[in-house]
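# Fold and geometry: a report
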Amino acid sequence: MNTASNSIYVALEWITRLAYLNFLWVLFSLLGGVLFGFYPATTSMFAVCREWLKGNTDLPLFQTFWSFYKKDFVKSNILGIAVSVLLLLIVLDIFYIQSSPDQQLNWTYIPLFAFMLIFTFFLFYLFPVFVHYDIKIPHVIKNALFLMLVNPASTAVIVLCLVSLFFIMTLLPALAFIFGGSLYAFITMWMAMHAFNKTHEKASHQRESLP
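Report on the accompanying structure. This one's a predicted model, so the numbers in the text were calculated from it and none came from an experiment.

Moving on to the overall build of the protein. What the protein contains, in helices and strands, is eight helices and zero strands. Counting from the amino terminus, helix and strand elements in the protein follow one another as α-α-α-α-α-α-α-α. Considering only C-alpha atoms, the protein reaches an extent of 70 × 55 × 35 Å along its principal axes. A total of 211 residues make up the protein; the buried ones form 38% of that total. Summarising the internal contacts of the protein: among those between residues at least 6 apart in sequence, 73% fall at separations of at least 24. Of the accessible surface of the protein, which amounts to about 12,700 Å², a share of 73% is contributed by carbon and sulfur atoms. Side-chain charges of the protein comprise 11 positive and 9 negative groups, with the mean position of each set lying 6 Å from the other.

As structure tokens, this is what we get:
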């Protein structure tokens, strides 16, 4: 009976944590006027998930979130500019193809959608790399792209988890409002950290095998 009670308590504790983290993500995105608040709030959310996955589950959530938000406010917005520019280019390309009377341009949907797919996979690793490594933005982008390319299995698991999560939240839309952002961050951070460790182990083995 105690085991069952403990399991229920732990489950409720995690539900509360994830809901509160999602609330802070929305709140601080709005406090930054969305435009300047979204990316700092998103990186802070990933940073908190990273702390949880490292076993630091007893950290004061609000203070921890706020400290990450302040520390990386400028840096995360610089990253956000790069991401937003790429998203804008994709939207403009789609708009141009759809509005063009030239039917021959339709073939360009194939490479465009391929790029969109790669870009989506790249985003899975971008924020985890940002919060995991203390490196400059160009290196964040470079490392995220590299990790995406060398960890297809982790990417596939992320996609599987997120697709399952999407269907569940389609059936229960309230869950998306309460847990949408935090669950996404937790899942991608969890798998990204697995990819980091796996890549580091491979690199270590390669260095040890060198003469």
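Next comes the rest of the description.
Bringing the packing of aromatic side chains into the picture now. Using the criterion set out here, one finds 18 aromatic pairs in the structure. Look at Trp 14 and Phe 186: their rings are 5.7 Å apart centre to centre, the planes differ by 65°, and that puts the pair in the edge-to-face class. Of this pair, Trp 14 sits in helix α1 (residues 2-31) while Phe 186 sits in helix α8 (residues 173-209); the two residues are 172 residues apart in sequence, bridging distant segments of the chain. Judged by its relative accessible area of 25%, Trp 14 falls in the partly exposed class. Chaining the aromatic ring pairs together yields one cluster made of Trp 25, Phe 38, Tyr 39, Phe 46, Phe 127 and Tyr 184.

For Val 34, which is not glycine, the phi dihedral falls at a positive 65°. Considering the arrangement of structural elements, one finds Val 34 in the loop between α1 and α2 (38-53).

What counts as what
Residues numbered from 1 in each chain as written. Predicted model: local features only at pLDDT ≥ 70, side-chain atom pairs only at ≥ 80, totals over all residues. Heavy atoms only, no water. Helix = DSSP H or I, 4+ residues; strand = E, 2+ residues; numbered from the N terminus. Buried < 20%, exposed > 50% of the residue type's maximum accessible area, 1.4 Å probe, protein only. Contact = heavy atoms within 4.5 Å. Areas by Shrake-Rupley, 256 points an atom, 1.4 Å probe, with all protein chains shown as cover. Lys, Arg positive; Asp, Glu negative; His and termini not counted. Charge placed at Lys NZ, Arg CZ, Asp CG, Glu CD. Phe/Tyr/Trp six-rings, centres within 6.5 Å; stacked < 30°, edge-to-face > 60°.

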